[in-house]
Amino acid sequence: GDVQSFSRLTPDGRTLQWQLAYRHYTEAMLPSDGLVPFLIEWAPSCAAFTPAASAPRGIELLSLRAESAAPLEASASLAALGIEASDLLAQPAGAAPCSSRLVARLRTPKGVVEL
């Protein structure tokens, strides 16, 4: 989509600025049932306080997989962004999901969890 600029104040009063290549406020759903990522670019002046830079430490992303009710459509949409579908798209053995979902495996201070 068209690139749109956004900003908001952080709790400490700094202005966080970014651009999105997806009109999330006018589209009902992200492409491929939400499995295809939208593109975001943080302003260079905000590098020290983006959500990734300012989030609490102690949790590690171990893996991210997508399960799709329509894997062929999702594969084509991911390929359009230069993402190899086999790097992200996976189905557990014997599973045929009725809806699409993203699954993250995280290492936390209390052990590995899957969301």
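Cut-offs and rules
All residue numbers refer to positions counted from 1 along the written sequence of the respective chain. Restriction of local features to residues with pLDDT of at least 70 applies here, the model being predicted, together with a cutoff of 80 or more for giving and counting side-chain atom pairs; totals for whole chains, interfaces and linings are based on all residues. Water and hydrogen atoms play no part in the side-chain values, which are based on all heavy atoms of the structure. Helix and strand assignments follow DSSP, with helices taken as H or I runs no shorter than four residues and strands as E runs no shorter than two, numbered in order from the N terminus. Think of it in three bands: residues with accessible area under 20% of the maximum for their type are buried, residues over 50% are exposed, and the middle band is partly exposed, with areas taken using a 1.4 Å probe on protein chains only. The criterion is simple. A nonpolar core is a set of buried Ala, Val, Leu, Ile, Met, Phe, Trp, Tyr and Cys residues joined through side-chain atoms within 4.5 Å. Contacts: residue pairs with any heavy atoms within 4.5 Å of one another. Two strands form a pair only when DSSP identifies at least two bridges running between them. Only the stretch in contact is used when fitting a helix axis, every axis being a line fitted to C-alpha atoms; angles between N-to-C directions are given from 0 to 180 degrees. Side-chain rings of Phe, Tyr and Trp, where Trp is taken by its six-membered ring, are said to pair if the distance between their centres is within 6.5 Å; with planes under 30 degrees apart they count as stacked, over 60 as edge-to-face, and otherwise as tilted. As a per-residue measure, pLDDT reflects the predictor's confidence and takes values from 0 up to 100. Exposure above 30% relative accessible area and the lack of any salt bridge qualify a residue for a patch; like charges then connect within 9 Å, and the nonpolar side chains Val, Leu, Ile, Met, Phe, Trp and Tyr within 5 Å. Under the convention used here, a 1.4 Å probe and the Shrake-Rupley method define accessible areas, while residue burial counts only the protein chains that appear. A side-chain nitrogen of Lys or Arg and a carboxyl oxygen of Asp or Glu constitute a salt bridge if their distance falls within 4 Å.

1. Observations regarding the overall build of the chain
Looking only at helices and strands, one finds three helices and six strands in the chain. Taken from the N to the C terminus, the helices and strands of the chain come in the order β-β-β-α-β-α-α-β-β. With 115 residues in all, the chain has 23% of them scored as buried.

2. With respect to the nonpolar core
Within the largest apolar cluster, six residues are counted, these being Leu16, Trp18, Leu20, Ala43, Cys46 and Phe49. Leave out the neighbours within four places in its chain, and Leu16 touches Phe6, Ser7, Arg8, Thr10, Trp42, Cys46, Phe49, Thr50 and Pro51.

3. Focus: the sheet that holds strand β6 (residues 111-114)
The antiparallel open sheet is built from three strands, whose spatial order is β4-β5-β6. Two strands lie at the open edges of the sheet, namely β4 (60-67) and β6, each paired on one side alone. Strand-to-strand twist across the sheet, computed as the mean angle between neighbouring axes with direction ignored, equals 10 degrees. Relative to β6, strand β5 (residues 101-108) is paired through four bridges, and the arrangement is antiparallel. Bridged to Thr108 within β6 is Gly111.

4. Overview of the packing of aromatic side chains
Counted by the stated rule, this structure contains two aromatic pairs. Site record: aromatic cluster; members linked through ring pairs are Phe6, Trp18 and Trp42.

5. Some remarks on the confidence of the model for the chain
Looking at the chain as a whole, the pLDDT averages 80, with 76% of positions reaching at least 70. Per-element averaging of pLDDT across the chain places helix α3 (residues 85-88) at the bottom with 69 and β6 at the top with 94.

6. Observations regarding the side chain of Thr50
As for its position among the elements, Thr50 is in the loop between β3 (40-42) and α1 (51-54). With sequence-adjacent residues up to four places away left out, Thr50 is seen in contact with Leu16 and Trp42.

7. Considerations on a nonpolar patch on the surface
Side chains of Leu61, Leu64 and Leu102 sit close together on the surface and give an oily, nonpolar patch of about 270 Å² of accessible area. For Leu61, a relative accessible area of 52% translates into the label exposed.

8. Digging into the sheet that holds strand β1 (residues 4-9)
Overall, antiparallel pairing links the three strands, which are arranged β1-β2-β3 in an open sheet. Looking at strand neighbours, the two that pair on one side only are β1 and β3, the edges of this open sheet. Strand after strand, the sheet turns through a mean of 25 degrees between neighbouring axes, direction not considered. Where β1 meets strand β2 (residues 15-20), six bridges bridge the pair, whose relative direction is antiparallel. Within the sheet, the bridge partner assigned to Phe6 lies in β2 and is Trp18.

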